[in-house]
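Geometric and topological summary
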Amino acid sequence: MKLQLYNSLDRKKSDFNPIHPGKVGLYTCGPTVYNFAHIGNLRTYIFEDILKRVLLYNDFQVTHVMNITDVGHLTGDRDMGEDKMEKGALREGRTAWEIAEFYTRAFKSDIERLNIIAPDIWVKATDTIDDQIALIKILEDTGYSYRTGDGIYFDTSKFKDYTRLSHQDIESLREGARVEKNPEKRNATDFALWKFSPAGVRRQMEWDSPWGTGFPGWHIECSAMSMKYLDGLLDIHCGGTDHIDVHHTNEIAQSEAATGKKFFNYWMHGAFLIIAGGKKMAKSEDNFLTLENAFVKNDINPLVYRFAAFQTHYRKPMEYSEESVQAARNGLQHLQNPIRRVAQNSAGQKGAVIDKYKTKFLGAINDDLNMPRAMAAVQEMLKSNSADTDKHATILDYDRVLGLRLDKVDRPAELPQKITLLVAERQAARDAKDWAASDRLRDTIQDLGYLVQDTKELSLIHISEPTRQLTQSRMPD
């Protein structure tokens, strides 16, 4: 069953054919580490993780590279405003290097919580300055660059089909609408390859170059990194839809101008996470939520957000609200309950993956990562009359793509202290035959996402979190 992917270059789905049979080079634009990643950013990384898992599920060997942007990304995408790293350092009273290290660790923690497979190769922009300078030299030698008072720029008028990815009308593009206008630029779409440190200013992150002391532009790092670490494997390049018009368009222009070769065959982009009023979540709008403050601090397992992302196709905007989070929390619990039953009924016996349902699941994920359809296939399999041992084997096979840690749903784990105290308080109320208090506490526990089920002998606490399963507290005699 052939894998089909939507390619932003030609705006259509087509069969995926890597450059080398059986091997795939995957480059995903990583974070700019001047602040925490917000859950809108993380939706893109979930989509890219599903892509990687689907490639692996289809038996491709994947080499995955992700950059860490720790210099050069200005507050305006068209080379305007302050460097985000320097601005972050000023905001927090730390060095830019400390800011980069802190938020890189935070990002890696977030993707681990979401069970996102780490890239094979992490690359910091500051570790590839020489490679970036070498690439700019090539562009200078081939006549694609020019010098202004504040840096070295790429002349987009010399590159044919500059808007091939964005499909924009270049005549409609006007500079100066956002922050400032640079009168030295030859064209509104020209972009910085190297920026000079301002006169009389000592930046925390700056390097010597053939053109003067400064730092690389934002776009050049991804071209240098991908060509260095994926040489001959420029198959798929990913990012958010906000990268199409500027960042990825500029990557293509500078890379193909330097090499004379096509720069990546497939470009894939994830849509925004939107909030009330239809606005996208963005740090610049100061309306962003992190995984920590939206989920972890509310005792909601981050995998609830991963599950929520499966309900909307990656190319469609996903809406965030407290109601949608609760729906996802309930939905994940409803998925876990039958899996828990089949796992317990299997009693350690190994079953076989059910070919009929694997085919349906594969058909969904191979249709441009259609996760809503894949989840429907999961439910159909679980409701079937197949043997529990085979259902268990099949769901574990699916979880190679889902990444919901479904192999752990039948394993007991400790409750959070808050829930443990509420359970003990409820038990005391039941011992005292204070049924009103017992009912009130049951509702409180369930409002926190834990299903209380009373039987004659036991009070069962079904835990909605994927890594916590079933805890029993003894009922009074």
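Okay, so let's go over this structure. All figures in this text were calculated on a predicted structure; none of them were measured in a lab.

A short note on the overall build of the protein chain
Across its full length, the protein chain carries 14 helices and 18 strands. Of the contacts formed within the protein chain by residues at least 6 apart in sequence, a portion of 74% connects residues at least 24 apart. Entry remark: accessible area of the protein chain is about 21000 Å², with carbon and sulfur atoms responsible for 48%.

With respect to the environment of Gln168
With respect to the secondary-structure elements, Gln168 resides in the loop between strand 9 (151-154) and strand 10 (191-196). Overall, Gln168 belongs to the partly exposed group, its relative accessible area being 22%.

Description of the nonpolar core
By size, the foremost hydrophobic cluster in this structure holds 70 residues, and its most contacted members are Ile236, Phe295, Tyr305, Leu335 and Leu402. Of all the elements, helix 1 (residues 39-57) adds the most residues to this core, at ten residues. One finds Phe154, Phe159, Leu193 and Trp194 within the second-largest nonpolar core, a separate group that totals 51 residues.

Structural notes on the packing of helix 9 (residues 322-346) against helix 12 (residues 388-402)
Look at helix 9 against helix 12: their axes get within 8 Å of each other, and the N-to-C directions meet at 125°. It follows from the interaxial angle that helix 9 and helix 12 lie oblique. Regarding helix 9 and helix 12, the two cross each other, and that crossing is left-handed. Within the contact between the two elements, helix 9 uses Ile339, Val342, Ala343, Asn345 and Ser346 and helix 12 uses Asp388, Thr389, Lys391, His392 and Ile395. Residue classes in the contact of helix 9 with helix 12 are distributed as four nonpolar, four polar and two charged.

Describing unusual backbone geometry
Even without a glycine there, the phi angle at Asp299 is positive, about 55°. Even without a glycine there, the phi angle at Ala347 is positive, about 50°. Considering the arrangement of structural elements, one finds Ala347 in the loop between helix 9 and helix 10 (355-365).

Quick word on the sheet that holds strand 9
Spatial strand order, 8-9-10-11: four strands in an open sheet with antiparallel pairing. Looking along the sheet, the strands with just one partner apiece sit at the ends: strand 8 (145-147) and strand 11 (214-216). For this sheet, the mean inter-axis angle between neighbouring strands, taken without regard to orientation, is 20°. Sheet topology note: the strand 10/strand 11 ladder contains three bridges and is antiparallel. Its bridge partner lying in strand 11, Trp194 is registered against Pro216.

Notes on the pattern of salt bridges
Tallied over the full model, the rule gives 25 salt bridges. Here Arg203 ties to Glu86 by a salt bridge, and the two come within 3.8 Å at their closest N and O atoms. With Arg203 in the loop between strand 10 and strand 11 and Glu86 in helix 2 (residues 84-92), this pair connects stretches of sequence that are 117 residues apart. Looking at Arg203, the relative accessible area reads 9%, which means it is buried. Given the relative accessible area of 18%, Glu86 is considered buried.

Observations regarding empty space enclosed by the protein
Tallied over the entire structure, the rule returns three cavities of 30 Å³ or more. The computed volume of the largest cavity comes to approximately 90 Å³. Every residue along the wall of the largest cavity is listed here: Arg43, Ile46, Phe47, Ile50, Ala309, Phe310, Thr312, Tyr314, Leu369 and Met371. By residue number, the principal contributor to the lining of the largest cavity is helix 1, which donates four residues. Looking at the lining of the largest cavity, its residues break down into eight nonpolar, one polar and one charged.

A few points about the packing of helix 4 (residues 129-141) against helix 6 (residues 244-259)
For the pair helix 4 and helix 6, interaxial distance at closest approach is 9 Å and the crossing angle is 70°. As summarised for this structure, helix 4 and helix 6 are arranged roughly perpendicular, according to the angle between their axes. Read as a crossing pair, helix 4 and helix 6 show a hand that is left-handed. For the pair helix 4 and helix 6, the contacting residues are Leu135, Ile138 and Leu139 in the first and Gln254, Ala257 and Ala258 in the second. Among the residues making up the contact of helix 4 with helix 6, the classes are represented as five nonpolar, one polar and no charged.

Notes on the layout of surface pockets
If you add up the space inside the second largest pocket, you get close to 390 Å³. The wall of the second largest pocket is formed by 20 residues, among which Gly81, Glu82, Asp83, Pro198 and Arg203 lie closest to the centre. Counting residues per element, the ones that place at least two in the lining of the second largest pocket are strand 6 (80-83), helix 2 and strand 10. In terms of residue count, the dominant contributor to the lining of the second largest pocket is strand 6 (four residues). Of the residues assigned to the lining of the second largest pocket, the class counts are seven nonpolar, three polar and ten charged.

Details of the side chain of Asn67
Among the secondary structure elements, Asn67 is positioned in strand 4 (residues 61-68). At 2.8 Å, the side chain of Asn67 and the side chain of Glu221 are in polar contact. What Asn67 contacts, discounting residues up to four positions off in sequence, is Tyr27, Thr28, Cys29, Gly30, Pro31, Val123, Glu221, Cys222 and Met225.

The rules behind each value
- Residues numbered from 1 in each chain as written.
- Predicted model: local features only at pLDDT ≥ 70, side-chain atom pairs only at ≥ 80, totals over all residues.
- Heavy atoms only, no water.
- Helix = DSSP H or I, 4+ residues; strand = E, 2+ residues; numbered from the N terminus.
- Contact = heavy atoms within 4.5 Å.
- Areas by Shrake-Rupley, 256 points an atom, 1.4 Å probe, with all protein chains shown as cover.
- Buried < 20%, exposed > 50% of the residue type's maximum accessible area, 1.4 Å probe, protein only.
- Core = buried A, V, L, I, M, F, W, Y, C linked by side-chain atoms within 4.5 Å.
- Axes fitted to C-alpha atoms, helices over the stretch in contact; angles between N-to-C directions.
- Parallel < 35°, antiparallel > 145°, perpendicular 65-115°, else oblique.
- Left-handed = near helix turned anticlockwise from the far one by under 90°.
- Nonpolar A, V, L, I, M, F, W, Y, C, P; charged D, E, K, R; others polar.
- Pairing = 2+ DSSP bridges.
- Salt bridge = Lys/Arg side-chain N within 4 Å of Asp/Glu carboxyl O.
- 1 Å grid on protein atoms, 1.4 Å probe; cavity = no way out; pocket = protein on both sides within 12 Å on 5 of 7 lines; lining within 4 Å.
- Points joined across faces, edges and corners; volume = space filled by probe spheres on them.
- Polar contact = N/O pair within 3.5 Å; in protein donor to acceptor, adjacent residues only side chain to side chain.

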